[in-house]
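Observations on the three-dimensional arrangement
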Amino acid sequence: MRFSKMQGTGNDYIYVNCLEETVNEPDILARRLSDRHFGVGADGLILIRPSRRADFAMEMYNADGSRGEMCGNGIRCLGKYVYDRGLTDKRELDIQTGAGIRHLRLFAGEEVPAGGEIRMVEVNMGKPVLEADQVPAISEHTCMIREPVRVGGVEYPMTAISMGNPHAVIFTGRVRGLDLQRLGPPIEYHGRFPRRVNVEFAQVEDRGTVRVRVWERGSGETLSCGTGACAVLAAGVLNDLTDRQVTVKLIGGDLLAQWREDTGEILLTGPAVHVFDGEV
Ligand SMILES: N[C@@H](CCC[C@H](N)C(=O)O)C(=O)O
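Please read these numbers as outputs of a predicted model, since none were measured by experiment. (Residues numbered from 1 in each chain as written. Predicted model: local features only at pLDDT ≥ 70, side-chain atom pairs only at ≥ 80, totals over all residues.)

1. Remarks on the environment of Leu 178
Operational definition: Numbered from the N terminus, helices here are DSSP runs of H or I no shorter than four residues, and strands are runs of E no shorter than two. Partly exposed residues are those whose C-beta has more than 12 but fewer than 20 other C-beta atoms within 10 Å; with 20 or more the residue is buried, with 12 or fewer it is exposed, and the C-beta atoms are placed from the backbone. Contact criterion: two residues are in contact if their C-beta atoms, reconstructed from the backbone, are within 7 Å.
Positionally, Leu 178 belongs in the loop between β11 (166–171) and α3 (180–188). Residue Leu 178 is classed as partly exposed on the basis of its 17 C-beta neighbours within 10 Å. Separated by 102 residues in the primary sequence, Leu 178 and Val 280 have C-alpha atoms spaced 36 Å apart. Leu 178 has contacts with Leu 183, Phe 201 and Arg 213, leaving out every residue within four places of it along the chain.

Rendered as structure tokens:
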């Protein structure tokens, strides 16, 4: 089976073109191939499938084999994959995901010459969902905004947001030095989040810049998370800590997130990089 490894700000996935390849047990394959010691090594597996409703469909699996409804970095790299390999000549694409159809715009920094390679991709991530029962998160209020949640004897103020997948954003003084291996699992599996949760620790540098570390549901600490960057922006605005456009500084690089006032949708822009191709 042929595969490609791609990354967006260090959030790396193994891509299989299911227009040509057949994958029967994607959850088992995701676990095997994502393993950084015994496999290829990645944050998860992304299958590119045909779609009747959009240009292509994205099916994404975390490193533990669980399904992610949406993946902001993964979908941006998928856009680069299908364009660079000539599966489409469109620079604006609709992609079907577990969270609905998402629209991509592909750039090369400057105009893409014929045969040129895509370097940056913008994705319209849709509207953030704030209602706690839809995240889902268990709260006495309609929305969970800066609500204290007790984890291991400590109360963390959490803002719960869905970007198609669930996120808990925690604003904190400093993200450097946080022990995510210890802090991440009990929040991911906390009873207040019935479908588990992705966790973002966010340090506001100014109203347009936030430094973030991410513990991803099903993959552990990752160098970046696109849906997480959007959840941080929405939480920053709701808590009046940021403006509606922020540079999200992650370990693996910077993402630009903008929350449009007119449509209520969030646009996410960042690099998309091909790492290597392989056969397994
Ligand atoms: N890294 C992704 C999110 C991947 C899915 C997530 N771990 C989940 O289970 O919801 C991104 O860039 O958004």
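2. Quick look at the domain arrangement of the chain
As a reminder of what qualifies: Domain start and stop points were drawn from an automatic or database domain assignment. Polar here means any residue other than Ala, Val, Leu, Ile, Met, Phe, Trp, Tyr, Cys and Pro, which are nonpolar, and Asp, Glu, Lys and Arg, which are charged; Gly is therefore polar.
Domain annotation of the chain identifies domain 1 (2–125 + 270–279) and domain 2 (132–261). Spacing between the C-alpha centres of domain 1 and domain 2 amounts to 23 Å. Opposite the 24 residues of domain 1 that make contact, domain 2 presents 21 residues. Within the residue set of the side of domain 1 that touches domain 2, elements represented by two or more residues are α2 (72–84) and β17 (266–271). Among the elements that make up the side of domain 1 that touches domain 2, the one with the highest residue count is α2 (three residues). Taken together, the residues that form the side of domain 1 that touches domain 2 break down as six nonpolar, 14 polar and four charged.

3. What about the UniProt feature "binding site: substrate" (unreviewed entry) in the chain?
Keep this limit in mind: UniProt positions are given in the numbering used here, feature names are shortened, and annotations may be inferred rather than shown by experiment.
Following the UniProt record, one finds the feature "binding site: substrate" (unreviewed entry) at Asn 11, Asn 62, Gly 72, Asn 73, Asn 165, Asn 198, Glu 216, Arg 217, Gly 226 and Thr 227. When you line up the elements, Asn 73 lands in helix α2. Excluding residues that lie within four positions of it along the chain, Asn 73 makes contacts with Gly 8, Thr 9, Asn 11, Ser 224, Cys 225 and Gly 226. With residues near it in sequence (within four places) discarded, Arg 217 still touches Asn 62, Glu 188, Arg 196, Val 197 and Asn 198.

4. Quick word on the site of the ligand
This is how the line gets drawn: Nearness is defined per residue: the C-beta atom, placed using the backbone, must lie within 6 Å of the molecule or strand.
In the vicinity of the ligand lie 17 residues, with Gly 68, Asn 73, Asn 165, Gly 226 and Thr 227 positioned nearest. Among the elements of the structure, α2 and α4 (226–238) are those that each provide at least two residues to the shell around the ligand. The leading source of residues in the shell around the ligand is α2, at three residues. Each residue belonging to the shell around the ligand can be placed in one class, and the counts come to two nonpolar, 13 polar and two charged.

5. Points about α3
As a reminder of what qualifies: In this description, the arc belongs to the directions extending from the helix axis to the C-beta atoms.
Leu 183, Gly 184 and Ile 187 are the residues of α3 that are buried. Around the axis of α3, the buried residues are gathered within 100° of arc, so they sit on the same side. Of the exposed residues in α3, the ones pointing more than 90 degrees away from its buried face are Gln 181, Arg 182 and Pro 186. In this fold, the buried residues of α3 make contact with β9 (147–151), β11, β12 (198–206), β13 (209–216) and β14 (220–222).

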